[in-house]
Amino acid sequence: MLVDDDDAIVETLRDVLLTEGYQVAAFTDPLLALEQLRTGMRVDVLLLDCVMPTMDGRQFMEELIHDGRTMPIVLVTALSDPSFCVDARHPLVAALINKPFDLDQLIESLEAMRTGRASRAA
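Residues numbered from 1 in each chain as written. Predicted model: local features only at pLDDT ≥ 70, side-chain atom pairs only at ≥ 80, totals over all residues. Heavy atoms only, no water.

1. Structural notes on the sheet that holds strand β4 (residues 73-77)
Sheet architecture is open: 5 strands sit in the order β2-β1-β3-β4-β5, paired in parallel fashion. Bordering the open sheet on either side are β2 (26-27) and β5 (93-98), each of which pairs with just one other strand. Relative to β2, strand β1 (residues 2-3) runs parallel, the two sharing 2 bridges. Across the sheet, the residue bridging to Val3 is Phe27, located in β2. (Pairing = 2+ DSSP bridges. Helix = DSSP H or I, 4+ residues; strand = E, 2+ residues; numbered from the N terminus.)

See below:
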């Protein structure tokens, strides 16, 4: 699952991930993404923007925890200090990637999670 309020980022990442063989559910509205999760959508990894107008990454993660859902999260942020949004050591944060990011770095982080290798990209 990909959740970012920027249409261009969502479109680009969705296309790249589909090309790499991933199945992608992409959302620009975090509330809609959360609704899909609550209705039973199964997600292996969540790519989550840290700063969004409706609901930020921290709030989204709090809702996941409240709902009893856990999944590895790749937190994507343009903030110079991501701790403003969420502690990068949060148990759900599997990787932290700064915007603008290298697509190869993102794919490497996803592959590391898929194969069980630890990854904390920055």
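Still more to cover.
2. Let's talk about the packing of helix α1 (residues 7-19) against helix α4 (residues 103-114)
Where α1 meets α4, the closest approach of the two axes is 11 Å, and the angle between their N-to-C directions is 55°. By the criterion of interaxial angle, the relationship of α1 to α4 is oblique. Both α1 and α4 take part in a crossing whose hand is right-handed. In contact with Leu13, Val16 and Leu17 of α1, α4 contributes Leu103, Leu106, Ile107 and Leu110. Here the contact of α1 with α4 is built from residues that sort into 7 nonpolar, no polar and no charged. (Axes fitted to C-alpha atoms, helices over the stretch in contact; angles between N-to-C directions. Parallel < 35°, antiparallel > 145°, perpendicular 65-115°, else oblique. Left-handed = near helix turned anticlockwise from the far one by under 90°. Contact = heavy atoms within 4.5 Å. Nonpolar A, V, L, I, M, F, W, Y, C, P; charged D, E, K, R; others polar.)

3. Observations concerning the pattern of salt bridges
Tallied over the full model, the rule gives 6 salt bridges. With a closest N to O distance of 2.4 Å, Arg38 and Glu63 form a salt bridge. With Arg38 in helix α2 (residues 30-38) and Glu63 in helix α3 (residues 57-66), this pair connects stretches of sequence that are 25 residues apart. We classify Glu63 as partly exposed; its relative accessible area is 28%. For the salt bridge of Arg38 with Asp67, the shortest nitrogen-to-oxygen distance reads 2.5 Å. Of the two residues, Arg38 is situated in helix α2 and Asp67 in the loop between α3 and β4; the sequence distance between them amounts to 29 residues. A relative accessible area of 30% places Asp67 in the partly exposed class. Taken together, the salt bridges that share partners define one network made up of Arg38, Glu63 and Asp67. (Salt bridge = Lys/Arg side-chain N within 4 Å of Asp/Glu carboxyl O. Buried < 20%, exposed > 50% of the residue type's maximum accessible area, 1.4 Å probe, protein only.)

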